[in-house]
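# Residue-level structure breakdown
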Amino acid sequence: MVEAVLIDLFSLPANLQNNIQGLLHNTLETIEKCSSIHAPCIYVMCCQKQGSERKGEQEFLLPALRGFQSLKRRLEVVCAQTTAAALYTIKQRLDEKDLSIIKVVLPTLRKDLMKVYIDHLFTAVYQFEFEDLRMVSDFENLQISEPQHEGQTLPSQDVALIQSEIQMYLESLPSLKGELTILRSSLIPDDIFLHGFTTRTGGISYIPTLSSCNLFSSSKRRDPQVVVKENLRRLANAAGFNPEAFHRVKVDHANAVCIMGKTEPDNYDGIVTNQKGVTLAAPGADCIPVLFADPVKKACGAAHSGWKGTLLGVSMATVNAMVSEYGCNMKDILVVLGPSVGPCCYKLPHESAKEFHRIDPKCVRLFDSASPYIDIRRATRILLERGGILPENIQDDSITDQNQNITYCTACHPDKFYSHFRDGTNFGTQIGFISIKD
């Protein structure tokens, strides 16, 4: 069942310009007749001419909109200077209402172009069906089984122009929820390394659970890759690293480690390098983003450590990769645990809790309950110390001076951090990042 209809009247071809009112009237009439029970939201997209106080094509639409009182509350005309701006505004309206099944009514000549915009601005959460503006059919009988993200057929230079238009529009958007904030550890020397842990402020992601500096996109979430890329660009600009030399772990909740410059595994939760100017990153939205730095050998690493990765020893696997690849001395390696879910909030089923109890009983609280509280940070510290990392070279929430603490509980601070545990499946993601300065 169609949840929304997008009527694309943006820059109509010349042969349709003279009949714009008739086309819109016929389309709305069909929608009104066919969708009286399950009424979709309707968005009419048109062009606003630059430098004009008048709204371009919108003024010609008013006569066609009159008489559709039953649709009035569900109909919105969206005018903008670019297709990217108009479509992004409509995406915001769809997301506000949690709508995902969209019928796009548009001139045939705009179809391939519109598909490119949609492929960039939307994810697989949304399903699209396309129909010719001059041949609107019965909406009630529309069946959608698969998302209509077909391969684009536009020339590559046209696709590049669309990508540039989208990028320029996203760059023009204001930051949300305050300034971009980066947490840094005093343990890692800033004359050698550039590093930090992000918070949720200062990006452009607008969906509440993803707002605003979400740094991960997936087919199951509503934040497209282009928005995450813009958030990353803003982070890179604030932090001082090159976003084109940025490498994030490919999370598998295991203990594989990627060595920069060697064959990249399909999935890995740790990554190390001794190359200058290359930024490594690990995500965290309850799982621990862990950063590693050796100021003597000038090598660094990052790891993603959830409860499974913690039990599998991903942090020590990353340390061992630095030792074997770059000749690091275990006693020189510094380790910082970033914001992550704390023992105050995090629970696991009893069977999983047993594994943490075996590491140390202090890693588990209320052990005899069905879902004990787990301290994955303490477990990580214990495994690192057992592996040879000096206790004073590990920074976590046990730090004496709490003013220096950056290992906040993500679940306890909704204003600062994303949390899968707290926010559910459509959660945002922050990262820890590190690089060796040029």
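Here is a short report on the structure shown in this document.

Parameters and conventions
- Residues numbered from 1 in each chain as written.
- Predicted model: local features only at pLDDT ≥ 70, side-chain atom pairs only at ≥ 80, totals over all residues.
- Heavy atoms only, no water.
- Helix = DSSP H or I, 4+ residues; strand = E, 2+ residues; numbered from the N terminus.
- Expected span 1.5 Å × (residues − 1).
- Buried < 20%, exposed > 50% of the residue type's maximum accessible area, 1.4 Å probe, protein only.
- Arc of directions from axis to C-beta.
- 1 Å grid on protein atoms, 1.4 Å probe; cavity = no way out; pocket = protein on both sides within 12 Å on 5 of 7 lines; lining within 4 Å.
- Points joined across faces, edges and corners; volume = space filled by probe spheres on them.
- Phe/Tyr/Trp six-rings, centres within 6.5 Å; stacked < 30°, edge-to-face > 60°.
- Pairing = 2+ DSSP bridges.

### Comments concerning helix α2 (residues 20–34)
The end-to-end C-alpha separation of α2 is 21 Å, in line with the 21 Å expected for 15 residues at 1.5 Å each. Turning to α2, its buried residues number three or more, namely I20, L23, L24, T27, L28, T30, I31 and C34. Taken end-on, α2 shows its buried residues confined to a sector of 155 degrees, consistent with a single buried face.

### Some details on empty space enclosed by the protein
Tallied over the entire structure, the rule returns two cavities of 30 Å³ or more. Approximately 50 Å³ is the volume found for the second largest cavity. Forming the walls of the second largest cavity are S305, G309, T310, G313, V314, S315, M316, T380, L383 and L384. Counting residues per element, the ones that place at least two in the lining of the second largest cavity are α9 (307–311), α10 (314–326) and α12 (376–387).

### Concerning the packing of aromatic side chains
Scanning all chains against the criterion turns up eight aromatic pairs. Centre to centre, the rings of F241 and F433 are 5.3 Å apart; their planes meet at 50 degrees, and the pair counts as tilted. One end of the pair, F241, is in the loop between α8 (225–239) and β8 (246–248); the other, F433, is in strand β18 (residues 430–436), with 192 residues separating them in the sequence. Per residue, the accessibility class of F241 equals that of F433, and both read buried.

### Section: the sheet that holds strand β14 (residues 334–337)
Here we have six strands laid out as an open sheet, ordered β9-β10-β13-β12-β14-β17, and mixed in their pairing. Every interior strand has two partners, whereas the edge strands, β9 (257–259) and β17 (394–395), have only one. The sheet contact formed by β9 and strand β10 (residues 270–273) spans three bridges and is parallel. Opposite V257, over in β10, you have G270 as the bridge partner.

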